[in-house]
Amino acid sequence: MNSEEIFEESKKYMPGGVNSPVRAYTALNINPPIIKRGEGSHLFDEDGKEYIDFVGAWGPMILGHNNKKVMEAVKAALEYGVGFGAPTEMELKLAKYICTTVDNVDMLRMVNSGTEATMSAVKLARGYTGRDKIIKFAGGYHGHFDGFLVEAGSGVMTENIPGSPGVPKGSIENTLIAQYNDIESVKELFKRYKAEIAAVIVEPVAGNMGVVPAKKEFLLGLRDICTENGTILIFDEVMSGFRVAYKGAQSLYGIKPDLTTFAKIMGGGFPCGAYGGRREIMEKLSPMGPVYQAGTMSGNPIVMAAGYASLKELHENISCYEYMDKLGQKLQNGIKEIAKEKGISLVVNRCVNMMTVFFTSCSEVTSYSDAKKSDTNMFSKFAEHMIKDGVYVPPSQFEAMFLGTKHTEEDIDKFLEVMKKL
Ligand SMILES: Cc1ncc(COP(=O)(O)O)c(C=O)c1O
């Protein structure tokens, strides 16, 4: 079957033909290519067409596809069997590696996705503080957990779904919404609910309303207000962790959260997540403490092996972050130059190796309301054009484009060459 036929057939057996909504390209007038394999920074579809990949499986593939070291680690682990539901040395290796190479994580609990990591971190914060309410930010996406599906970003924003049917009122009555990069909106909520707020959860570099880096004063303000009120500050680094810097966005800003959530890169391309932080909070987790959270597949040795190999590779080659930043700068400059030549209004937001091109006449995009002003029709035209010409970019205005260690100057030149033909 060719790509077209596979997608048509898939729609008969899986809603929308996909297992995660944004993959269906609902914001575009083209079908998604059906991917057969990946190598380095390139993807190949079922029709043999080649693409330069700027999606990286939505973040995890920072080391490129089919990475030799990761594949070898996975193959070696497979020799012993695929999973035992019992403690293994491999999960210790990864947990210890993260706790000793990353700041602010004394202990860690492995789970199987970013959603699991964030919802479990919130449960732990509630259990630790004995409070119910949480603050999240409009346009922030922390996975598909009911309590987070209020003014959520990412696919929820792309599909224009205000919340989601199926989420009972009771599940969101303790979710308070503040505005990203606007500390006053947070202060207002604390004035009103003060001693009821268990946690503030925030993407320190937002990636799910498109890329919108936090202002340092905003994150410092969150740190102060959480400390003053005995509220747990959760940095959701599912996307930014091991990406914008090995030690995550918190290291770029120099701010210490109480809990951090990880996923994506830490699983080396396999389903994985984790949450960790201060020892006294983590010790409230079952079996040490009363907060119950469990998982049959959690800490699976194959996943742990892939994660360990990936993180080691990144940590031992730390200059790769400078390399990705350099490529990011080249891409950002190139896009702006083309826009100027062609008279296209746009803003390019970038944090090291994650980037969004907002088609907007705003002079900057620093908030959810700025992001929403973007011309999504123009974005769709851009994305369709790029993908058709072999440059695989995210199919939504409200997602991040990623660079990895295997991207080259030639990949960036090709991106710009294709964009010039827009
Ligand atoms: C910041 C953030 N948190 C949580 C999630 C949910 O992760 P997952 O899709 O692995 O459940 C995502 C997914 O993109 C994310 O970007």
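Structure first, text after, so check above.
Here's a quick rundown of the structure. (Residues numbered from 1 in each chain as written. Predicted model: local features only at pLDDT ≥ 70, side-chain atom pairs only at ≥ 80, totals over all residues. Heavy atoms only, no water.)

## What about the layout of surface pockets?
Here the idea is plain: a probe the size of a water molecule rolls over the atoms and shows the empty space left. Empty space within the second largest pocket amounts to approximately 670 Å³. As for the second largest pocket, its lining consists of 30 residues, of which Glu91, Leu108, Arg109, Met110 and Ser298 are closest to the centre. Of all the elements in the fold, those that place two or more residues in the lining of the second largest pocket are helix H3 (89-101) and strand E4 (107-111). Each residue belonging to the lining of the second largest pocket can be placed in one class, and the counts come to 15 nonpolar, 10 polar and 5 charged. (1 Å grid on protein atoms, 1.4 Å probe; cavity = no way out; pocket = protein on both sides within 12 Å on 5 of 7 lines; lining within 4 Å. Points joined across faces, edges and corners; volume = space filled by probe spheres on them. Helix = DSSP H or I, 4+ residues; strand = E, 2+ residues; numbered from the N terminus. Nonpolar A, V, L, I, M, F, W, Y, C, P; charged D, E, K, R; others polar.)

## Topic: the pairing of strand E14 (residues 354-358)
With 5 of its 5 residues buried, E14 lies for the most part within the structure. Judged by which residues are buried, E14 turns out to be covered on both faces: Met354, Thr356 and Phe358 on one side and Met355 and Val357 on the other are all buried. Of the strand pairs in this sheet, strand E13 (residues 347-351) and E14 are connected by 5 bridges, and their pairing is antiparallel. The residue of E14 that forms the bridge with Cys351 is Met354. The loop that links E13 with its antiparallel partner E14 comprises 2 residues; one of these, Val352, has a positive phi angle of about 55°. As paired strands, E14 and strand E16 (residues 401-402) are joined by 2 bridges and run antiparallel to one another. Within E16, the position partnered with Met354 by the bridge is Phe402. (Buried < 20%, exposed > 50% of the residue type's maximum accessible area, 1.4 Å probe, protein only. Pairing = 2+ DSSP bridges.)

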